[in-house]
Amino acid sequence: MSLPHESEEGRACRVCGGPVHEFFDFGRQPLSDAFRDPRDTSPEYFFRLAVGICESCTMAQLVEEVDRDRMFHDAYPYHSSGSVYMRRHFEETAHRFLTDALTGPDPFVVEIGSNDGVMLKTVGKAGVRHLGVEPCRGVAELARSQGVRVRTDFFEASVAAEIVAAEGPADLIYAANTICHIPYIGSIFRGVDALLAEDGVFVFEDPYLGDIIDRNTFDQIYDEHFFFFTVRSVGAAAARFGFQLVDVERLGVHGGELRYTIARAGRREPSPAVAELAATEQRLSDRATLAGFAAGVDRIRDDVLELLHRLRAEGKRVVGYGATAKSATLLNYCGIGPDLVSVVFDATPAKSGRLMPGSHIPVRPPEEMADADPDYAVLFAWNHAEEIMTKERAFRDSGGRWILYVPDVHIV
Ligand code: SAM
Ligand code: TMP
Ligand code: ZN
């Protein structure tokens, strides 16, 4: 079924059907988490990575959608527990839920995109009834091995209906770095409507468009990140499906996120933070702001390439650190390959020994970094800078330097 504005202007908004104004085109890009076996000679999948904003409801979104089974499959390589800081973040989150949203008799929490159980294991240990919904079998098995109950499925309206029939309503539905991955947002809200208790809350956290624009973190744009939320766009989406945005909270993780709390319309008094933050967001949909963002991306691309070519001419050894999904956008937009960045170090077992998507830079475990003796390391996992720089202090102490590229290209 085609939506009203599916026309020559581009695809219709996935939330409201309004016209989407495209503001940046990264060209052909591979899947950001499709790490390749070096022996694999099959053709690589590419799609057009472009981002736009809805002129009706202000929701920023990708212009082309990748089929979910291509991205989220049994061998999905991202493990949430790979960062100590993130483990702590989710432990704190779980404790907060245990002391506020989950205090009634026999509370029930459902997490959408529970990955390796990083949040739910704390809930499980507290003896609270829970269910993770996670389509990728590999990470779901890791969660089960920690005592977490998981349904291996994509959350959507039909799955929510089955869960509520079998287990009753949920007092809390939670998702981190997952709702922005799901283009079929109508099915999500209908599922939440079916599953959520009358007074329950739907809480989710995702990268904030305000931070992406203000800090030039354009590499947050890749196949899996379909939506780029704001208070205004989430508030409008919630209202469309009979809900209300009742609280927002800024989070420092992943370079700047917002945590949204949504309740059934009219059930709770919205906190002042909702209107306060929304009032600062007019600029985020201005054409001038978006054009400025686009110019910033190209400036970073030019500066990164200039630096890497200069270092190569000087005979410096340059490596990368953190085989992030984000790095696929930078590497493939800039056309950076193993001639400029020889290897990327990453501690994730499922990534090690493979090649980065598109750029085909080899991924190796961080234990091999000292032997490689690099002069410079591009920090692709800039959102984990503090943790990684602390862990790899020896690199800096022996004269190595980190290259960061957001909000601008600089060396530390
Ligand atoms: N919540 C974890 C965190 O914040 O680290 C995992 C985030 S990971 C980037 C996104 C997760 O969402 C993946 O584990 C993916 O399999 C899952 N996912 C994607 N679509 C989903 C859906 N429709 N229902 C449930 N999980 C989904
Ligand atoms: P993320 O930015 O999507 O969370 O991905 C971070 C990547 O960086 C992930 O592949 C794991 C890797 N990483 C390390 O190799 N060492 C570390 O200390 C941390 C925090 C992350
Ligand atoms: Zn819209």
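Owing to the predicted nature of the structure, the values given are computational and were not obtained by experimental measurement.

1. What about the UniProt feature "domain: Methyltransferase putative zinc binding" (unreviewed entry) in the chain?
Thought 1: Here, UniProt's "domain: Methyltransferase putative zinc binding" (unreviewed entry) annotation points to residues 13-72.
Thought 2: End-to-end, the C-alpha atoms of residues 13-72 are 23 Å apart, and along that stretch the chain is 7% helix and 38% strand.

2. Concerning the packing of helix H10 (residues 287-313) against helix H11 (residues 325-334)
Thought 1: Taken N-terminus to C-terminus, the directions of H10 and H11 make an angle of 75°; their axes are 10 Å apart at the nearest point. One way to sum up the angle between H10 and H11 is to call them roughly perpendicular. The residues of H11 that touch H10, namely those facing Val297, Asp298, Arg301, Val304 and Leu305, are Leu330, Tyr333 and Cys334.
Thought 2: Considered class by class, the residues forming the contact of H10 with H11 number six nonpolar, no polar and two charged.

3. Re the site of ligand 1
Thought 1: Near ligand 1 you find 21 residues, and of these Ser80, Glu134, Phe155, Ala176 and Asn177 are the closest.
Thought 2: Between ligand 1 and Ser80, the relevant distance is 2.7 Å, taken from an oxygen atom to a side-chain nitrogen or oxygen of the residue.
Thought 3: Contacts to ligand 1 include Asn177, whose side-chain N or O atom sits 2.8 Å from an oxygen atom.
Thought 4: In the complex, the protein chains occlude 97% of the 590 Å² of accessible area that ligand 1 would expose alone.
Thought 5: Partitioning the shell around ligand 1 into residue classes produces 13 nonpolar, six polar and two charged.

4. Focus on the layout of surface pockets
Thought 1: By volume, the second largest pocket is sized at about 390 Å³.
Thought 2: Each residue belonging to the lining of the second largest pocket can be placed in one class, and the counts come to eight nonpolar, two polar and seven charged.

5. Describing the coordination of the zinc ion (ligand 3)
Thought 1: Within the protein, Cys13 (SG), Cys16 (SG), Cys54 (SG) and Cys57 (SG) serve as the donor atoms for the zinc ion (ligand 3), at 2.2 to 2.3 Å.
Thought 2: For the zinc ion (ligand 3), all donor residues lie on one chain, and their spacing in sequence is C-x2-C-x37-C-x2-C. Of this pair, Cys16 sits in the segment before strand S1 (20-30) while Cys54 sits in strand S2 (residues 46-54); the two residues are 38 residues apart in sequence, bridging distant segments of the chain.
Thought 3: For Cys54, a relative accessible area of 3% gives the class buried.

6. Here we look at the pattern of salt bridges
Thought 1: Here the structure, examined in full by the defined rule, presents 29 salt bridges.
Thought 2: In this structure, the salt-bridge partner of Asp193 is Arg264, at a minimum N-O distance of 2.5 Å. With a gap of 71 residues between them, Asp193 in helix H6 (residues 185-195) and Arg264 in strand S11 (residues 257-264) connect regions that are remote in the sequence.
Thought 3: The class of Asp193 is partly exposed, set by a relative accessible area of 38%.
Thought 4: A residue is classified by how much of its surface remains accessible, and Arg264, at 11% relative accessible area, is buried.

7. A few points about the sheet that holds strand S5 (residues 129-133)
Thought 1: Read across the sheet, seven strands follow the order S6-S5-S4-S7-S8-S11-S10 without closing on themselves; strand pairing throughout is mixed. Among the strands making up the open sheet, the edge pair consists of strand S6 (150-151) and strand S10 (243-251).
Thought 2: The sheet contact formed by strand S7 (residues 170-176) and strand S8 (residues 196-207) spans six bridges and is parallel. In the sheet register, Leu172 faces S8, and the bridge partner there is Val201.
Thought 3: Contacts between helix H5 (residues 157-167) and the sheet are confined to strand S4 (108-112), S5 and S6, with S5 contributing the most and set at about 160° to the helix.
Thought 4: Here H6 sits on the sheet and contacts S4, S7, S8, S10 and S11; the angle it forms with S8, its principal contact strand, is near 145°.

8. Concerning the nonpolar core
Thought 1: By size, the foremost hydrophobic cluster in this structure holds 114 residues, and its most contacted members are Phe202 and Phe229.
Thought 2: Sorting elements by how many residues they give to this core places H10 first, with ten residues.

9. Here's the deal with the state of the cysteines
Thought 1: Per the counting criterion, the structure on display carries zero disulfides.
Thought 2: No disulfide involves Cys136; its sulfur sits 14 Å from the nearest other cysteine sulfur, which is in Cys180.
Thought 3: Cys136 gets classed as buried once you look at its relative accessible area, which sits at 1%.

About the criteria used
Residues numbered from 1 in each chain as written. Chains lettered and ligands numbered in written order. Predicted model: local features only at pLDDT ≥ 70, side-chain atom pairs only at ≥ 80, totals over all residues. Heavy atoms only, no water. UniProt positions renumbered as here; feature names shortened; annotations may be inferred. Helix = DSSP H or I, 4+ residues; strand = E, 2+ residues; numbered from the N terminus. Axes fitted to C-alpha atoms, helices over the stretch in contact; angles between N-to-C directions. Parallel < 35°, antiparallel > 145°, perpendicular 65-115°, else oblique. Contact = heavy atoms within 4.5 Å. Nonpolar A, V, L, I, M, F, W, Y, C, P; charged D, E, K, R; others polar. Near = heavy atom within 4 Å. Polar contact = N/O pair within 3.5 Å; in protein donor to acceptor, adjacent residues only side chain to side chain. Areas by Shrake-Rupley, 256 points an atom, 1.4 Å probe, with all protein chains shown as cover. 1 Å grid on protein atoms, 1.4 Å probe; cavity = no way out; pocket = protein on both sides within 12 Å on 5 of 7 lines; lining within 4 Å. Points joined across faces, edges and corners; volume = space filled by probe spheres on them. Donors = N, O, S within 2.8 Å, 3.2 Å for Na, K, Ca; no water. Buried < 20%, exposed > 50% of the residue type's maximum accessible area, 1.4 Å probe, protein only. Salt bridge = Lys/Arg side-chain N within 4 Å of Asp/Glu carboxyl O. Pairing = 2+ DSSP bridges. Core = buried A, V, L, I, M, F, W, Y, C linked by side-chain atoms within 4.5 Å. Disulfide = S-S within 2.5 Å.

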